[in-house]
Amino acid sequence: MSAVHPSSDFLLGGIASMGATVFTNPLEVIKTRIQLQGELAARGTYVEPYRGILQSLITVAKHDGIAGLQKGLVPATCFQFVLNAFRLGIYNMAVEAGWTKSSKGRESFARNLFWGATGGVAGAVLSSPFFMIKTHLQSQAAKAIAVGHQHKHTGMSHAFAEIYRAHGFSGLYRGVLVTIPRAILGSGGQLATFGVTKDMIRRHLEIQNPLWVSLLAGMLAGTVMAMTITPPDVIATRLFNQGVDEKGQGLYYRGVIDCLVKVVKTEGIYGLYKGFWATYFRIGPHATLVLMFFDQMVMYRKEYFGNTS
């Protein structure tokens, strides 16, 4: 069988994430809305149109229609494709090269963390414009349930054109620095947990079915990711969604540290964990599906086309 170029894994990583996004985007919409409600207001002093996952889903469907639950789906799938093409592509390249193993031949958590974070940062920076536009579109809501700054985009293409026309290329990458800690904590923790857990399951539980190994490891990895990614994700949502002045400067926050300080000062530590349960129930299934899809596609690629060379 002919060898397949390693770049094929970048494509597989992107495809795997797009498939998972279609199923989990409604929870991403809810998460974004919850993270924005009560922005820079003390707890208990604002109206909460979103009070829980089920209630929030019903509220969005009632006011924005069923289609409202899939707002921002196009930029969300583009964001996930670019992010995971690099994140999983770079990580899997390191795995197959043996760079994630210790001198004893076992999966090293630290090395998995490094390569997971490296791929995550590369993918997050490159996909940053899609994340921003996804956030803008997902926050759009009927007046009765609107939270956060309401952008007037009619779709992804319109958003790209308007932002570029007003603020140039730099406007599309406004807030890009917040994607770095988000990627390091989320992607690094997830893939390190995934790689080490797969190794432990195979050695100690003697489960050899690749689907079950991927599923179990993916579930644990998703849980770890939800716990580590929520605070930087709240900050990312706030930075990307805020309105800007004529110079393209944020109206509420000057940057990552300024946002962090203001959120903690006005909303408390609780503010950094807004939307945690929506994040947990979205990322858990999403991470599991992405890693499971990716593992299975890589396995089939090896089976039918041979190993990379």
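Everything below is about the structure shown above.
Scoring rules and cut-offs
- Residues numbered from 1 in each chain as written.
- Predicted model: local features only at pLDDT ≥ 70, side-chain atom pairs only at ≥ 80, totals over all residues.
- Heavy atoms only, no water.
- Helix = DSSP H or I, 4+ residues; strand = E, 2+ residues; numbered from the N terminus.
- Rg over C-alpha atoms; globule rule 2.2 N^0.38 Å.
- Buried < 20%, exposed > 50% of the residue type's maximum accessible area, 1.4 Å probe, protein only.
- Contact = heavy atoms within 4.5 Å.
- Areas by Shrake-Rupley, 256 points an atom, 1.4 Å probe, with all protein chains shown as cover.
- Lys, Arg positive; Asp, Glu negative; His and termini not counted.
- Charge placed at Lys NZ, Arg CZ, Asp CG, Glu CD.
- Core = buried A, V, L, I, M, F, W, Y, C linked by side-chain atoms within 4.5 Å.
- Patch = residues over 30% accessible without salt bridge, like charges linked within 9 Å, V, L, I, M, F, W, Y side chains within 5 Å.
- Salt bridge = Lys/Arg side-chain N within 4 Å of Asp/Glu carboxyl O.

Visitor: Residues and numbers for the overall build of the chain, please.
Guide: Of regular secondary structure, the chain possesses ten helices and zero strands. From first element to last, N terminus to C terminus, the chain shows the α and β order α-α-α-α-α-α-α-α-α-α. Against the 2.2 N^0.38 benchmark of 19 Å for 309 residues, the chain shows a C-alpha radius of gyration of 20 Å, consistent with a compact globule. When the backbone C-alpha atoms are referred to their principal axes, the chain occupies close to 55 × 40 × 35 Å. Sorting the 309 residues of the chain into buried and exposed places 53% on the buried side. Of all intrachain contacts in the chain linking residues separated by at least 6 positions in sequence, the fraction that spans at least 24 positions is 79%. Accessible area for the chain stands at about 14,100 Å²; split by element, carbon and sulfur atoms hold 67% of it. Positive and negative side-chain charges of the chain, numbering 29 and 17 respectively, have mean locations separated by a distance of 3 Å.

Visitor: Please set out the nonpolar core residue by residue, giving values where relevant.
Guide: Counting residues in hydrophobic clusters, the biggest one holds 23 residues, and the most contacted among them are Ile133, Val178, Ile235, Leu239, Phe240 and Cys259. When contributions to this core are tallied by element, the ones reaching two or more residues are helix H3 (73-96), helix H4 (109-139), helix H5 (156-172), helix H7 (210-241) and helix H8 (256-267). Leaving out residues up to four positions away in the same chain, Ile235 has contacts with Val178, Val256, Cys259, Leu260 and Leu272. If you look at the next biggest cluster of nonpolar residues, it comprises 13 residues, including Leu88, Ile90, Ala94 and Phe294.

Visitor: Explain a nonpolar patch on the surface residue by residue, including any values.
Guide: Among the surface-exposed residues, Ile257, Leu260, Val261, Val264, Ile269 and Tyr273 lie close enough to one another that they form a single nonpolar patch of about 520 Å² accessible area. The element best represented in the nonpolar patch is H8, accounting for four residues. Mapping Ile257 onto the fold places it in helix H8.

Visitor: Go over unusual backbone geometry, please, and point to the residues and values.
Guide: The phi angle of most residues is negative, glycine excepted, and most peptide bonds adopt the trans form. A positive phi angle is found at Leu40, which is not glycine, with a value near 55°. Tracing the sequence through the fold places Leu40 in the loop between helix H1 (7-36) and helix H2 (53-64). Overall, Leu40 belongs to the partly exposed group, its relative accessible area being 28%.

Visitor: Describe the side chain of Gln35, naming the residues involved and giving the relevant values.
Guide: Topologically, Gln35 is positioned in helix H1. Discounting residues that sit within four places of it in the chain, Gln35 has contacts with Thr230, Asp233, Val234, Thr237, Arg238, Lys274, Gly275 and Thr279.

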